[in-house]
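Chain residues, written in single-letter form:
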Amino acid sequence: MQQFSEFNLAETKVTGIFGYPVEHSLSPQMHNQAFAALKLNYNYLPFAVEPDNLGQAVEGIRALNIKGVNVTIPHKQKVIPYLDQLTEEAELIGAVNTIENQAGTLIGHNTDGRGFIRSLKEESDFVAAGKQAVIIGAGGAARAIAFQLALEGLNKLMITDLDFEKAENLSTEIEEQLDLSVTAIKQQQLVEVMSDTDLVVDATPVGMHPNVDVDPVVEAELLHQEMIVYDLVYNPRETVLLKAAEQVGAEGISGLGMLLYQGVIAFEIWTGKEAPVEKMRAALESGLYQE
Ligand code: NAP
């Protein structure tokens with residue numbers, strides 16, 4: 001933890017997270033350890049903001065000169081009307097997970113999609129341009145990833161969800177706004193598209209602790225060794241889907257990377273410094289994978 005005595009505490013810059021509930025968040029641990037590693041006079045606090053108080057809480061960022069905050073469930077969409085500007089990604093995705101206070105102007109960023117891409121680039125040699133991807137699940141996380149993959153120049157995207165209409169709505173929305181071919185498919189159609197797919201993203205909670213003994217969202221027979229299998233679930237570290245990927249020799253990536261890099265990007269937005277990535281990863285791992 002931060003050694004407060006090293007600093008002039010009257011100059012501490014405050015950051016934090018707005019969520020409800022917020023007690024489960026690993027972000028305070030991750031960011032405070034990062035500030036300590038770089039000896040920055042910053043602090044990161046959890047703020048349990050009830051939905052009815054969101055507007056006042058955001059006004060408080062300005063009033064109290066808070067440097068920036070992360071925003072999590074249930075505020076990611078509802079926070080938008082209270083902000084002054086949105087980045088291109090946040091505007092497209094329609095959700096904000098990071099607020100930057102630039103001298104009283106509140107800018108809404110979405111680092112979830114960018115965090116996903118950065119993790120993909122750091123942990124594999126995947127380049128989206130010209131590739132085909134399948135996303136399973138059409139919820140909030142899928143949305144951020146789908147738009148970001150489109151911005152990265154992906155060639156073709158397919159989206160499937162238990163609720164087909166949800167997949168259709170997201171596909172239509174992306175096609176209307178960006179130059180990418182997006183198709184909603186039924187789960188049964190996975191068998192037709194997987195052999196030509198370069199990247200599969202599981203954006204469902206399937207396999208998440210404690211429900212680890214389940215069938216993977218894609219059967220192992222449909223995976224192949226030329227593809228990258230990205231499971232957004234990060235607890236456990238090795239999910240049932242990542243085990244299936246390993247069986248067929250496909251490269252599997254855990255959602256820990258996305259969690260880490262969305263935080264890394266937020267840290268860099270607030271501090272202007274290169275984030276201590278490995279310290280942040282260790283902070284997350286120690287919070288998640290205690291024996
Ligand atoms: P969400 O909004 O609830 O979306 C999940 C979607 O998946 C829902 O539309 C759900 O449909 C669908 N679904 C569930 N089971 C399915 C199945 N077997 N086949 C196809 N679709 C299925 O949740 P989210 O916020 O997007 O999060 C999704 C997952 O990503 C969670 O496990 C979350 O913890 C993880 N996540 C990880 C990170 C990270 O940094 N690594 C960030 C965000 C989220 P129904 O609504 O009909 O159930």
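Quick look at the structure, then. (Residues numbered from 1 in each chain as written. Predicted model: local features only at pLDDT ≥ 70, side-chain atom pairs only at ≥ 80, totals over all residues. Heavy atoms only, no water.)

## Examining helix H1 (residues 27–37)
Note the following rule: Note on classification: 1.4 Å probe, protein chains only; a residue is buried when its accessible area is under 20% of the maximum for its type, exposed when over 50%, partly exposed between these limits. Helix and strand assignments come from DSSP, with helices taken as H or I runs of at least 4 residues and strands as E runs of at least 2, each series counted from the N terminus. Here, residues are in contact when the closest pair of their heavy atoms is within 4.5 Å.
Among the residues making up H1, those that are buried are Ser27, Pro28, Met30, His31, Asn32, Ala34 and Phe35. On its buried side, H1 packs onto strand S1 (13–19), strand S2 (42–48), strand S3 (68–71), helix H9 (256–271) and helix H10 (277–288). A positive backbone phi angle near 50° is found at lysine 39, which sits one or two residues after H1.

## Here we look at the packing of aromatic side chains
Defined as follows: Here is the rule: rings of Phe, Tyr and Trp (six-membered ring for Trp) pair when centre to centre is within 6.5 Å. Planes less than 30 degrees apart are stacked, more than 60 are edge-to-face, and the remainder are tilted. Counting as a charge over the ring demands two things of the Lys NZ or Arg CZ atom: a distance within 6 Å of the ring centre and an angle within 35 degrees of the ring normal.
Summed over the entire model, instances satisfying the criterion amount to 5 aromatic pairs. Pairing phenylalanine 35 with phenylalanine 267 gives two aromatic rings, centres 5.2 Å apart and planes at 25°, and the pair type is stacked. Within this pair, whereas phenylalanine 35 is found in helix H1, its partner phenylalanine 267 is found in helix H9, the two being separated by 232 residues in sequence. No difference in accessibility class separates phenylalanine 35 from phenylalanine 267, as the two residues are buried. On the basis of an interplanar angle of 45° and a centroid distance of 6.0 Å, the ring pair of tyrosine 44 and tryptophan 270 is categorised as tilted. Here the residue tyrosine 44 occupies a position in strand S2, and tryptophan 270 occupies one in helix H9, the gap between them amounting to 226 residues. A relative accessible area of 3% places tryptophan 270 in the buried class. One aromatic cluster in this structure is built from Phe35, Tyr42 and Phe267. Lying over the aromatic face of phenylalanine 126, lysine 131 brings its terminal NZ or CZ to 5.1 Å of the ring centre. Here lysine 186 stacks its cationic end above the ring of phenylalanine 164, 4.6 Å away from the centre of that ring.

## Thoughts on the sheet that holds strand S6 (residues 105–109)
Short version of the rule: Paired strands are those between which DSSP finds at least two bridges. To get an axis, fit a line to the C-alpha atoms, keeping to the stretch in contact for a helix; angles then go from 0 to 180 degrees between the N-to-C directions.
Taken together, 6 strands build an open sheet; the order of strands is S2-S1-S3-S5-S6-S4 and the sheet is mixed. Of all strands in the sheet, those with a lone pairing partner are S2 and strand S4 (85–86), marking the two edges. The strands that helix H2 (residues 54–63) touches are S1, S3, strand S5 (98–102) and S6; relative to S1, the one it contacts most, it runs at about 170°.

## Regarding the pattern of salt bridges
Note the following rule: Salt bridge, as applied in this entry: a Lys or Arg side-chain nitrogen positioned within 4 Å of an Asp or Glu carboxyl oxygen.
Scanning the entire structure with this criterion turns up 9 salt bridges. For glutamate 152, the salt bridge goes to lysine 121, with nearest N and O atoms at 3.1 Å. Placement of the pair is glutamate 152 in the loop between helix H5 (140–151) and strand S8 (156–160) and lysine 121 in helix H4 (residues 111–123), with a sequence separation of 31 residues. Taking the relative accessible area as the measure of exposure, lysine 121 reaches 48% and is therefore partly exposed. Salt bridges linked by common partners bring Glu59, Arg62 and Asp84 together as one network.

## Considerations on the packing of H1 against H9
Basically, it comes down to this: Orientation is classified from the angle alone, with under 35 degrees giving roughly parallel, over 145 giving roughly antiparallel, 65 to 115 giving roughly perpendicular, and any other angle giving oblique. A crossing counts as left-handed when the near helix is turned anticlockwise from the far one by less than a right angle, and as right-handed when that turn is clockwise. Residues are grouped as follows: nonpolar covers Ala, Val, Leu, Ile, Met, Phe, Trp, Tyr, Cys and Pro; charged covers Asp, Glu, Lys and Arg; every other residue, Gly included, is treated as polar.
Look at H1 against H9: their axes get within 11 Å of each other, and the N-to-C directions meet at 50°. Relative to H9, H1 is oriented oblique. Considering how the two elements wind past one another, H1 and H9 form a crossing that is right-handed. On the side of H1, the interface is formed by Met30, His31, Ala34 and Phe35, while H9 contributes Leu259, Leu260, Gln262, Gly263, Ala266, Phe267, Trp270 and Thr271. Here the contact of H1 with H9 is built from residues that sort into 8 nonpolar, 4 polar and no charged.

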